[in-house]
Amino acid sequence: MKDIKSSTIVKVDRRTFLKTGVMGSTGLILGTQIACSTLFQEEPRAKATFSPNVFLTINEKGEITIVTHRSEMGTGIRTSLPAVVADELEADWNMVTIQQAIGDEETYGDQNTDGSYSIRMFYMPMRRVGAAAKMMLEQAAAAKWKVNVSECRAKNNNVVHEPSGKKFDFGELAGDASKLTVPEEKDIKLKDSKNFSKIGKSTPITDLKDIVTGKANFGLDTILPELKVAVIRRCPVAGGKVVSHNAEAALKVSGVQKVFVLESPGFPAGFNAPLGGVVVVADNTWAAIKGRDALDVEWDNGANGDYNSEEYLTDLVAKTKTSNTIRRENGDIKKALKGAGKILDSTYVLQHLSHTPMEPPCGVAYAQEGKCELWVPTQNPKWVQEGVAAALEIKKENVTVNVTLLGGGFGRKSKADFSVETAKISKEFGSPVKLLWTREDDIQHDLYHSCAVQRIKVGIDKANNVVAWNQKSVFPSIGGTATNQAIQPSGQELSLGAIDFPYNVENVCVESADAPAKTRIGWLRSVCNIQHAFAIGSMLDEIARARNMDPIENALDLLGEDRQIDKAVFGKELVNYGTEYEDYPWNTGRFRGVINEVAKKSNWGKELPKGRAQGFCAHRSFLTYVACVVEVEADENGNVLSIPEIHYAVDCGLAVNRDRVIAQFEGGAVFALSGALKGAITFKDGRVEQSNFHDYSVARMTDAPKNIFVHLIDSDEKPTGVGEPPVPPVAPALANAIYAASGKRFKNLPMMA
Amino acid sequence: MPTYQITINGKKQTIDSVDADMPILWVLRDMLQMTGTKFGCGKALCGACTVHLNGTAIRSCSTPISAVGDQKIKTIEGLSENGDHPLQQAWVQENVPQCGYCQSGQIMNAAAFLDSNPSPSDEEIRDAMNGNICRCGTYNRIHKAIKVAAEKGGKS
């Protein structure tokens, strides 16, 4: 996660421009260089400075090409950032072509599309790119007319001389504009927000028509001459190895070309290393799958053959009963708990989750003569480039990463393991190869969301005040996928909802404990906010009952006065989503704002028939403030019969592409319900017990809330991301609603398993 | 290996030497380079691969080519000539897709459903679409788009 320090617009000479692989064009070409610092402490992000360029080209016909360097996995980012450029440029959107950048760190800088930060990071630089180009076009027009530039206004792909009404279209000006000096950042005039034509409004995604006609190209859709198809039989246990295999029957399957072993790096091996296994390459997908079915493989299960997730979670629960590693401390928790009149003590247990994007991991690669070109649905082309270069022992510059559309990502496709597999297979086989992960591969060999145990002890004094909050957060760290030294969650992982606990309680203690990873752990949409928001959101509801208060009244009371929370309160381990804390401080006033808004819009406290009730949770994540009310219909055992409605109130600063912001919340609610109600990945003897959608259940249309209402707070604050923030508050709000409806309190996820 | 003559989107296609058990999905995608039909699960559990067989929605991942015979296959590429089937129009109007991967299967499933039930109730839509998974969670917009198309007489 990065923090933008400064950005400079640069004019890119034609040679440099062409080198990047963007289509040739004459006219005005602009880039922006953004210096970033990275604060992400996980191993792969700990690399120094990047300087991305984002290009805008206007040719002599007035056609505009905007290069988008972020991956499209459904958020609309491939459209939303170019729309920002077009708005400042006063472009005619119909003249704009959006072009997906290849993976190229030196030209574009960070392209890792995760952490809900594309908009946060690139909104302002994109505005400056558009505004600088507009200024240059206006200057070029002024020079042609020999008038003062203040009399010239860009409008709808033209520059108009206002006093006379004369105009040039952008195409007529592009050549002259390209000879001008790019304005310095301090001189760039941005539009007044009241004149925005696209920012803050809704722009449909550029791929809409292609998607509904089946023409959109995803990772699995790349076609090359002589393309072969590969599948891999992987060891059922993460990190295991092939001892021996018999390919005789597989090779008899018509269409199977070759069977070979892809070596396993063992465990842990990071995010880009293939798991290894036995590869079957065939003329088509069906032959490859049949060939794989015919394989006979003997495995060495390695270090994780003893992983039983049920026992593991039982052990984690036990760990919450002993003293642990303190990660945040305010006041004296022991004394406060001892002196409290009433103690609440709850333990919450959450299972592993799988991402299961509808398009499973896949890719196409062609390795030849010391080079490799890939077409992959990746969230992070940089990792693909680095991972493939290392695996093939070739130079990074010789790895070309074409980024396709992603059929869902949710964090899964930020890892390069499947791309590296594809490249290695192509090299070994010697032709272009498409790799498919079948759904069984996906569900059984994912980098899973961590299972987790949360124990929260709360002390309430005789005056009915909450005086103590003690949270023990125990789960295997993502870092454990890269190194077996990472046996406790990092400060950053705990900053996803636990040590950034905002409520005004005098004595707070957040602890963690050892939990070595026994399978590959990865980040999944909203990451550790899932377990933290569930536990905290549930406990706050329990506190409200104990204090005999309405849950929203209770939350607002605990929040205290409107303020920017002093960073020191959270302690030294706080990581504020990769930003300087001062730039995006924890603002309880904004939090109160969304809570009040959701209460009002959901008609909180309304009369409902027996068996129906509302539940509430508010949670800030990825710098976005979200409050959520779920209305549930449940039977007396707490079984969910239906979810009539969900209301969200959202403060994400300025909502840049409004309809896509709303869509993220609609979809995020459904995504969250999968994990809340149904989804669970469990391990027995190191093997995942689920294999496809019949036993790894995800939300379907009948599970979806009948209505999802998204209320956006009108705001001119800096925009923050919305990919992940919809997820965390849904499960706790639902659990609280079920409790209100039935008296049954679910403390484990999934609830209906 | 056998050769099959099948009709796809009104066009006769000859598929040379494929296994009789090859699912239509892979015939479309690998043999004919028709990639609009998507792979999602391979077990008829998610609906991403939905096509029409004589007007009925089927899961092409689990229907072998040998089962086709004289029956006509229609895929997303052939749903309408200009991408203007009432459902495609409604999908655009309601901005349904997020990532978009499952949407051709959703649309094909909805199209066969509306052909058999032109004025469905809310519940009937939910039941009919329950076999189609969307991990982005666009269900409510899919539901709305089907209603919009139905109101405009959404038969193909």
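Calculation notes
- Residues numbered from 1 in each chain as written.
- Chains lettered and ligands numbered in written order.
- Predicted model: local features only at pLDDT ≥ 70, side-chain atom pairs only at ≥ 80, totals over all residues.
- Helix = DSSP H or I, 4+ residues; strand = E, 2+ residues; numbered from the N terminus.
- Rg over C-alpha atoms; globule rule 2.2 N^0.38 Å.
- Buried ≥ 20, exposed ≤ 12 C-beta atoms within 10 Å, placed from the backbone.
- Pairing = 2+ DSSP bridges.
- Axes fitted to C-alpha atoms, helices over the stretch in contact; angles between N-to-C directions.
- Parallel < 35°, antiparallel > 145°, perpendicular 65-115°, else oblique.
- Contact = placed C-beta atoms within 7 Å.
- Nonpolar A, V, L, I, M, F, W, Y, C, P; charged D, E, K, R; others polar.
- Left-handed = near helix turned anticlockwise from the far one by under 90°.
- Core = buried A, V, L, I, M, F, W, Y, C linked by C-beta atoms within 7 Å.
- Expected span 1.5 Å × (residues − 1).
- pLDDT = per-residue confidence, 0-100.

## Topic: the overall build of chain A
Next, step 1: Within chain A, the secondary structure is distributed over 19 helices and 29 strands.
Next, step 2: What you see for chain A is a C-alpha radius of gyration of 27 Å, in line with the 27 Å of a compact globule of 753 residues.
Next, step 3: Among the 753 residues that make up chain A, the fraction classed as buried is 60%.

## Describing the overall build of chain B
Next, step 1: Within chain B, the regular secondary structure consists of 5 helices and 5 strands.
Next, step 2: Beginning at the N terminus, the succession of helices and strands in chain B can be written as β-β-α-β-β-β-α-α-α-α.
Next, step 3: Whereas a compact globule of 156 residues would reach a radius of gyration of roughly 15 Å, chain B reaches 15 Å, a difference of no more than 12%.
Next, step 4: Taking all 156 residues of chain B together, 57% fall into the buried category.

## Here we look at the sheet that holds strand β28 (residues 707–712) of chain A
All names here are of chain A.
Next, step 1: Pairing in this open sheet of 4 strands is mixed, and the strands run β23-β24-β25-β28 from one edge to the other. Because the sheet does not close on itself, it has two edges, and the strands there are β23 (612–621) and β28. Each strand axis lies, on average, 15° off the axis of its neighbour in the sheet, ignoring direction.
Next, step 2: Where β23 meets strand β24 (residues 624–634), 10 bridges bridge the pair, whose relative direction is antiparallel. Looking at β24, one finds that A618 is bridged to A627.

## Thoughts on the packing of helix α16 (residues 551–559) of chain A against helix α17 (residues 588–601) of chain A
Residues and elements named next belong to chain A.
Next, step 1: With their axes 11 Å apart at the nearest point, α16 and α17 run at an angle of 170° to one another. The angle between α16 and α17 falls in the class roughly antiparallel. Mapping the contact onto sequence places I552, A555, L556 and L559 in α16 and T588, F591, R592, I595 and A599 in α17.
Next, step 2: Here the residues of the contact of α16 with α17 are counted per class, giving 7 nonpolar, 1 polar and 1 charged.

## So, the packing of helix α4 (residues 122–129) of chain B against helix α5 (residues 139–151) of chain B
Residues and elements named next belong to chain B.
Next, step 1: Across the interface, α4 lies against α5 with an axial gap of 10 Å and an inter-helix angle of 120°. Here α4 is positioned oblique relative to α5, judged by the angle of their axes. In this structure, the crossing between α4 and α5 has a hand that is right-handed. For the pair α4 and α5, contact is made by I125, R126 and M129 and by I142, H143, I146 and K147, respectively.
Next, step 2: Partitioning the contact of α4 with α5 into residue classes produces 4 nonpolar, 1 polar and 2 charged.

## Overview of the nonpolar core
Residues and elements named next belong to chain A.
Next, step 1: One finds A230, C628 and V730 to be the most contacted residues of the largest nonpolar core, which totals 271 residues.
Next, step 2: No other element matches the 14 residues that helix α4 (residues 118–145) contributes to this core.
Next, step 3: In this view, A230 contacts V279, V280, V281, A288, I425, V433, K434 and L435; residues no more than four positions away in its chain are not counted.

## A closer look at the interface of chain B and chain A
Much of the literature gives interface size as the accessible area that the parts lose upon coming together.
Next, step 1: At the interface, 44 residues of chain B touch 49 residues of chain A.
Next, step 2: Secondary-structure elements contributing two or more residues to the side of chain B that touches chain A are α1 (24–31), α2 (86–93), α3 (103–116), α4 and α5 of chain B.

## Concerning unusual backbone geometry
Residue and element names in this part refer to chain A.
Next, step 1: Residues F267 and P268 are joined by a peptide bond in cis, for which omega reads -5°.
Next, step 2: The residue P268 is located in the loop between β11 (256–262) and β12 (277–282) in this model.
Next, step 3: Phi at N157 is positive, roughly 70°, even though this residue is not glycine.
Next, step 4: Within the element layout of this structure, N157 appears in the loop between β6 (152–155) and β7 (158–161).

## Some details on the environment of A680(A)
Next, step 1: Relative to the assigned elements, A680(A) resides in the loop between α18 (658–678) and β26 (683–684).
Next, step 2: On the neighbour-count criterion, A680(A) (22 C-beta atoms within 10 Å) is buried.

## Re the environment of S17(B)
All names here are of chain B.
Next, step 1: Assignment of secondary structure puts S17 in the loop between β2 (11–15) and α1.
Next, step 2: Residue class for S17 comes out exposed when judged on the 10 C-beta atoms lying within 10 Å of it.
Next, step 3: On a C-alpha basis, the gap between S17 and T56 in space is 27 Å, while along the polypeptide they are 39 residues apart.
Next, step 4: Leave out the neighbours within four places in its chain, and S17 touches M1 and T3.

## Examining helix α19 (residues 730–742) of chain A
All names here are of chain A.
Next, step 1: The end-to-end C-alpha distance of α19 is 18 Å, a good match for the 18 Å that 13 residues give at a rise of 1.5 Å each.
Next, step 2: Of all 13 residues in α19, 13 are buried; the element is thus mostly enclosed.
Next, step 3: Count one or two residues on from α19 and you reach G743, which has phi positive near 80°.

## What to know about the confidence of the model for chain B
Should the pLDDT be low somewhere, the predicted coordinates at that spot are not to be read in detail.
Next, step 1: With 98% of its residues at a pLDDT of at least 70, chain B reaches an overall mean of 96.
Next, step 2: For this predicted complex, the interface confidence comes out at an ipTM of 0.98, alongside a pTM of 0.95.

## Concerning the sheet that holds strand β8 (residues 167–169) of chain A
Residues and elements named next belong to chain A.
Next, step 1: Ordered by their spatial adjacency, 3 strands build an open sheet running β6-β7-β8, and the pairing between neighbours is antiparallel. Of all strands in the sheet, those with a lone pairing partner are β6 and β8, marking the two edges. In this sheet, adjacent strand axes meet at a mean angle of 20° when their direction is disregarded.
Next, step 2: Taken strand by strand, α4 contacts β6, β7 and β8, and its axis lies near 130° from that of β6.
Next, step 3: This element, helix α5 (residues 170–177), spans β7 and β8 of the sheet and lies at about 80° to β8.

## Points about α1(B)
Next, step 1: In terms of burial, α1(B) is a largely internal element, 7 of the 8 residues being buried.
Next, step 2: Within α1(B) the residues assigned to the buried category are I24(B), L25(B), W26(B), V27(B), L28(B), R29(B) and D30(B).
Next, step 3: Looking at the buried side of α1(B), the elements it contacts are β9 (228–233) and α8 (285–293) of chain A together with β2, β3 (50–53) and β5 (72–74) of chain B.
Next, step 4: Looking one or two residues past α1(B), Q33(B) carries a phi angle of roughly 55°, positive in sign.

## Description of the environment of G83(B)
Next, step 1: Relative to the helices and strands, G83(B) resides in the loop between β5 and α2.
Next, step 2: Contacts of G83(B), omitting those with residues within four sequence positions, involve K209(A), V212(A), T213(A) and Q88(B).

## Overview of the confidence of the model for chain A
Next, step 1: Considering every residue of chain A, the mean pLDDT works out to 92; 93% of them sit at 70 or more.
Next, step 2: In the model, residues 33–53 of chain A has pLDDT below 50 throughout and makes 61 contacts with residues more than four positions away in sequence or in other chains.

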